[in-house]
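Residue-level listing of the chains:
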Amino acid sequence: MTDKLDAFKPTFKVRLWQYPNGTMTTRSLSSLTDAVEALEASEACLVVVSGRTNSGRTTFLSELRHRVINGNDIAIFDDVPVGADLVGIASAFLSGQRTVIALHANGDDAVLSVVQDALLRASREV
């Protein structure tokens, strides 16, 4: 059993969206510390943790919840299914909320497409 745990390599991705000075930016985050720092900053951000089942995504999100100080004002959407409508979540981010989504997804390109589409549709509503 220990060999299986030692052999496990997380395969999830973490991506950050921010909207400083009216310009949307996105970048990949390489560590839990980077995600915690983004969420503890005063500006709105959207952290998307994505991966397939058993990718390490849920463990990462759980650890993120434990490490963020003053996390009560962070909206966390856990285990969002493939094909879910993300407009409400995107609207929360565009309205200034620090937001985290754990998204079941098969690849980073799919995540980019789905989140960018939701942000575009939400921007028309905000």
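First things first, this report covers the structure right here in the doc.

Rules used in this analysis
Residues numbered from 1 in each chain as written. Predicted model: local features only at pLDDT ≥ 70, side-chain atom pairs only at ≥ 80, totals over all residues. Heavy atoms only, no water. Axes fitted to C-alpha atoms, helices over the stretch in contact; angles between N-to-C directions. Helix = DSSP H or I, 4+ residues; strand = E, 2+ residues; numbered from the N terminus. Left-handed = near helix turned anticlockwise from the far one by under 90°. Contact = heavy atoms within 4.5 Å. Nonpolar A, V, L, I, M, F, W, Y, C, P; charged D, E, K, R; others polar. Polar contact = N/O pair within 3.5 Å; in protein donor to acceptor, adjacent residues only side chain to side chain. Buried < 20%, exposed > 50% of the residue type's maximum accessible area, 1.4 Å probe, protein only. Arc of directions from axis to C-beta. Salt bridge = Lys/Arg side-chain N within 4 Å of Asp/Glu carboxyl O. Core = buried A, V, L, I, M, F, W, Y, C linked by side-chain atoms within 4.5 Å. Pairing = 2+ DSSP bridges.

A short note on the packing of helix α4 (residues 87-94) against helix α5 (residues 108-125)
What describes two packed helices is the angle between their axes and the distance between those same axes.
Then comes step 1: At a minimum axis separation of 8 Å, α4 and α5 run at an interaxial angle of 65 degrees. Note that α4 runs across α5; the crossing there is right-handed. Contacts between α4 and α5 involve V87, A90, S91, F93 and L94 from the former and A118, L119, R121, A122, S123 and E125 from the latter.
Then comes step 2: Class assignment for the residues of the contact of α4 with α5 results in seven nonpolar, two polar and two charged.

Considering the side chain of S55
Then comes step 1: Of note, S55 is situated in the loop between β3 (45-51) and α3 (57-67).
Then comes step 2: Within the structure, S55 has its side chain in polar contact with the backbone oxygen of R52 (distance 2.8 Å).

A closer look at helix α2 (residues 32-40)
Then comes step 1: Along α2, the residues that are buried comprise L32, A35, V36, A38 and L39. Buried residues along α2 cover an arc of 165 degrees about the axis, so they all sit on one side.
Then comes step 2: On its buried side, α2 packs onto β1 (13-18), β3, α3, β4 (74-80) and β5 (98-104).

Details of the pattern of salt bridges
Then comes step 1: Within this structure, the stated rule accounts for five salt bridges.
Then comes step 2: For R57, the salt bridge is made with D79, and the minimal N-O distance between the two is 3.2 Å. With R57 in helix α3 and D79 in strand β4, this pair connects stretches of sequence that are 22 residues apart.
Then comes step 3: Judged by its relative accessible area of 47%, D79 falls in the partly exposed class.
Then comes step 4: For D78, the salt bridge identified is with R65, shortest N-O distance 3.8 Å. Of this pair, D78 sits in strand β4 while R65 sits in helix α3, and the two are 13 residues apart along the sequence.
Then comes step 5: Taking the relative accessible area as the measure of exposure, D78 reaches 38% and is therefore partly exposed.
Then comes step 6: Overall, the relative accessible area of 41% leaves R65 in the partly exposed class.

Quick notes on the nonpolar core
Then comes step 1: Formed by 20 residues in total, the largest nonpolar core has its most connected members in W17, L46, V48 and V115.
Then comes step 2: At the level of elements, β3, α4, β5 and α5 are the ones that each hand at least two residues to this core.
Then comes step 3: The element best represented in this core is α5, accounting for six residues.
Then comes step 4: Excluding anything up to four places from it in sequence, W17 contacts M24, T25, T26, C45, L46, V48, F93, V111, L112, V115, Q116 and L119.

Examining the pairing of β1
Then comes step 1: Among the six residues that make up β1, five are buried, leaving the element largely enclosed by the rest of the structure.
Then comes step 2: Here β1 runs beside β3; their pairing, made up of six bridges, is antiparallel. Looking at β3, one finds that W17 is bridged to L46.
Then comes step 3: Both β1 and strand β2 (residues 25-28) contribute to a ladder of four bridges, which runs antiparallel. Looking across to β2, one finds that L16 is bridged to R27.

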